Amino acid sequence: KGIINGIDENHWSPKTDKFLYKNYSSQDSETITKAKKENKKHLQKLLNLEEIDKPLIASIGRLVDQKGPNLIKDGLIFTLQKNNQFVLLGNFFDSNTKKMFLDLNNTYNSNKKLSCNFEFNE
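As the structure is a computational prediction, the values presented were derived from the model and not from experiment.

Taken as a whole and assessed by the stated rule, the structure comprises two aromatic pairs. With a centroid separation of 4.8 Å and 35° between ring planes, the pair formed by Phe92 and Phe118 is classed as tilted. Highlighted residues: Phe92 in the loop between strand 2 (85-89) and helix 3 (95-107) and Phe118 in the segment after strand 3 (114-117), separated in sequence by 26 residues.

And the structure:
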């Protein structure tokens, strides 16, 4: 047995998702792009990120060994070196991973291109 991964499209539809600032459906690409840009700006404001038109990379999930926390850390640093944004949402389950990400967060705490959120949040 295993846990099936994927998105429940009935629950997480961009047309009805109550967590999105601006909902959208499968209309023309211009409408979708405009809504996604509005959602990104809203997220940047919520997370106190610089409002820039650059890639925003996100990692959402449990920060456990099977999810590759060292790879997430490397990706985060690489993203910031390229002057892009990174959002991390996840919680820890062991002290080594916790220390690694708290130290990383402290190193970049004044960087307006990084938002670390150590919690579960839909």
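So that's the structure; there's more coming.
Attention shifts here to the packing of helix 2 (residues 69-81) against helix 3. The geometry of helix 2 relative to helix 3 is characterised by a closest axis approach of 11 Å and an angle of 5° between their N-to-C directions. In terms of axis orientation, helix 2 runs roughly parallel to helix 3. Listed contacts from helix 3 to Pro69, Asn70, Ile72, Lys73, Leu76 and Ile77 of helix 2 are Thr97, Met100, Phe101 and Leu104. Tallied by class, the residues present in the contact of helix 2 with helix 3 amount to seven nonpolar, two polar and one charged.

Take helix 3 next. Compared with an ideal rise of 1.5 Å per residue, which puts 13 residues at 18 Å, helix 3 spans 18 Å between its outermost C-alpha atoms and is within 8% of the ideal. Buried within helix 3 are the following residues: Thr97, Met100, Phe101 and Leu104. Taken down its axis, helix 3 places every buried residue within 85° of arc, on the same side. Facing away from the buried surface of helix 3 by more than 90 degrees, the exposed residues are Ser95, Lys99 and Asn106. Measuring from the side-chain oxygen of the N-cap residue of helix 3 to the backbone nitrogen of Asn96 gives 3.1 Å; that N-cap residue is Asp94.

Before going further, it helps to spend a moment on unusual backbone geometry. In this model, Asn48 sits at a positive phi of 60°, which is unusual for a non-glycine residue. Its place among the elements puts Asn48 in the loop between helix 1 (29-46) and strand 1 (56-60). Look at Asn83: it is not a glycine, yet its phi comes out positive at around 65°. Within the secondary structure, Asn83 sits in the loop between helix 2 and strand 2. Relative accessible area serves as the criterion here: at 34%, Asn83 is assigned to the partly exposed category.

Here the focus is the pattern of salt bridges. Applying the stated criterion to the full structure yields two salt bridges. Lys113 serves as the salt-bridge partner of Glu50, at 2.9 Å between the closest nitrogen and oxygen. With Glu50 in the loop between helix 1 and strand 1 and Lys113 in the loop between helix 3 and strand 3, this pair connects stretches of sequence that are 63 residues apart. Overall, the relative accessible area of 14% leaves Lys113 in the buried class. Ionic pairing is found between Asp103 and Lys99, a salt bridge with its closest N-O pair at 2.6 Å. Of this pair, Asp103 and Lys99 both sit in helix 3, four residues apart, which is roughly one turn of the helix.

What counts and what doesn't
Residues numbered from 1 in each chain as written. Predicted model: local features only at pLDDT ≥ 70, side-chain atom pairs only at ≥ 80, totals over all residues. Heavy atoms only, no water. Phe/Tyr/Trp six-rings, centres within 6.5 Å; stacked < 30°, edge-to-face > 60°. Helix = DSSP H or I, 4+ residues; strand = E, 2+ residues; numbered from the N terminus. Axes fitted to C-alpha atoms, helices over the stretch in contact; angles between N-to-C directions. Parallel < 35°, antiparallel > 145°, perpendicular 65-115°, else oblique. Contact = heavy atoms within 4.5 Å. Nonpolar A, V, L, I, M, F, W, Y, C, P; charged D, E, K, R; others polar. Expected span 1.5 Å × (residues − 1). Buried < 20%, exposed > 50% of the residue type's maximum accessible area, 1.4 Å probe, protein only. Arc of directions from axis to C-beta. Polar contact = N/O pair within 3.5 Å; in protein donor to acceptor, adjacent residues only side chain to side chain. Salt bridge = Lys/Arg side-chain N within 4 Å of Asp/Glu carboxyl O.

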